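Now for the letters of each chain:
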Amino acid sequence: MSDTSTAKPVLYSGIQPSGSIQLGNYIGALRNFTKLEKDYRCLFGIADLHALTVRQEPAALRKQTQQLAALYIACGLDPDANIIYCQSHVPAHAELAWVLNCYSYMGELSRMTQYKDKSARHSDNINAGLFTYPVLMAADILLYQTSVVPVGADQKQHLEITRDIAQRFNGLYGDVFEVPEPYIPKETARIMSLTDPTRKMSKSDSEESYIALLDAPDVIRRKLRRAVTDSEGEIRVDPDNKPGVTNLITILSGMTGQTAEEACASLAGKGYGELKDAVADAVIEVLTPIQQRYQQLIADKDYLAQVLNTNAERAAALARRTLRKVYKKVGLYQG
Ligand code: ATP
Ligand code: LTN
């Protein structure tokens, strides 16, 4: 099927190469990509320009970008059927982001919780990119006339602002952008930190707080054994009073495909040690084949470079069409 075929709606999502991909990224986002890929024309971006909003070590950023490309494929996404590419390889992202900056308001951007959180955590580097982060994300999505965006719950607000910007622009210039819908399954949309289950699991947090997709089995077991729970001893879902245990049940059901109730029932009468072992077994079972495929892929740097180059060209051809339309609509002389 050609990239410009209109038979299927477009799906877009992205992940930042800002660290080691963690289990929350997998359960909240990546895993859903593979479920949806057949029904959509999909683009999966490596959001490297977004990663620059927090200071990165250049060599590490390059390596993490290759790792993420390999992980997308290792998790089951077909790089021929889908467009897996690097955001910075397609200049239209930065170009559309500039235009959309002129249609976004300081007030709405200053209400974004990710901006507030990250500026509190990186108080020595509250840069303008951190503030306009959602505008670049809107550009990513709107460039491809996207219908659906699978993300974790933490990105809901960014999807809302994307829709607002698209509607505002369409209101001024006619139907230029498709207005996208988020895809956020409720049950597994927010995996929490193992060391502080009131905060979301995040790859830029301390290593003990998350399970990386590439963690070895003994590391996974150790991190889960040390996961914060409570002193009650009863295995049940109660996010307010038992955030740690609830999180472990969510991870277990995310890995096994059981509902939370089924996961609890399978552990009736057991203690937290057994719950943690069951979670570790399930996580290791899912991650082992992914890690094996990843090792083969990461060893073949030429193949990865070729995938990213070819797919950047495919993405650029699609993006250029929307960008030209936008330039024309706002009155930029096109010759
Ligand atoms: P960073 O810590 O660098 O901000 P992150 O770990 O939050 O990164 P992103 O690259 O921002 O990861 O997110 C990629 C995708 O994973 C997004 O769709 C996001 O909603 C989802 N995601 C991230 N963390 C979680 C989580 N703890 N639970 C569920 N989904 C998550
Ligand atoms: N901001 C997202 C990553 C991201 C994204 C996107 C997600 C960048 N561009 C476009 C969906 C669609 C995040 O998870 N922090």
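Our structure's up above, just so we're on the same page.
Since this is a predicted model, take the numbers as computed values, not measurements.

(A) View of the site of ligand 1. With respect to spatial proximity, 21 residues lie near ligand 1, and among them Lys118, Asp154, Lys200, Ser202 and Ser204 are the closest. The contact in question runs from an oxygen atom of ligand 1 to an N or O atom on the backbone of glycine 152, over 2.8 Å. Contact between ligand 1 and aspartate 154: an oxygen atom at 2.5 Å from a side-chain N or O atom of the residue. Summarising the interface, the protein chains cover 97% of the accessible area of ligand 1, which totals 600 Å² for the free molecule. Under a 2 Å grid-point criterion requiring more than half of the atoms, the pocket assigned to ligand 1 is the largest pocket. Ranked by residue count, the leading element in the shell around ligand 1 is helix α1 (residues 23–36), at four residues. Class assignment for the residues of the shell around ligand 1 results in six nonpolar, 10 polar and five charged.

(B) Structural view of the environment of serine 209. Residue placement: serine 209 occurs in the loop between β5 (181–183) and α9 (217–225). Between the C-alpha atoms of serine 209 and alanine 7, which are 202 residues apart in sequence, the distance is 43 Å. Setting aside anything within four residues of it in sequence, one finds serine 209 in contact with Ser193, Leu194, Thr195, Met201 and Ser202.

(C) Inspection of the site of ligand 2 at higher detail. Around ligand 2 lies a shell of 13 residues, among which Gly14, Tyr133, Met137, Asp140 and Gln155 are the nearest. In this structure, aspartate 140 approaches ligand 2 through a side-chain N or O atom, which is 2.7 Å from a nitrogen atom. In the complex, 92% of the free accessible area of ligand 2, which totals 370 Å², lies under the protein chains. Cavity membership is defined here by more than half of the atoms lying within 2 Å of grid points; on that basis ligand 2 lies in the largest pocket. Every element with two or more residues in the shell around ligand 2 is listed here: β1 (10–15) and α7 (128–142). For the shell around ligand 2, the element with the highest residue contribution is α7, accounting for four residues. Of the residues assigned to the shell around ligand 2, the class counts are seven nonpolar, five polar and one charged.

Rules used in this analysis
Residues numbered from 1 in each chain as written. Chains lettered and ligands numbered in written order. Predicted model: local features only at pLDDT ≥ 70, side-chain atom pairs only at ≥ 80, totals over all residues. Heavy atoms only, no water. Near = heavy atom within 4 Å. Polar contact = N/O pair within 3.5 Å; in protein donor to acceptor, adjacent residues only side chain to side chain. Areas by Shrake-Rupley, 256 points an atom, 1.4 Å probe, with all protein chains shown as cover. 1 Å grid on protein atoms, 1.4 Å probe; cavity = no way out; pocket = protein on both sides within 12 Å on 5 of 7 lines; lining within 4 Å. Sits in = over half its atoms within 2 Å of the grid points. Helix = DSSP H or I, 4+ residues; strand = E, 2+ residues; numbered from the N terminus. Nonpolar A, V, L, I, M, F, W, Y, C, P; charged D, E, K, R; others polar. Contact = heavy atoms within 4.5 Å.

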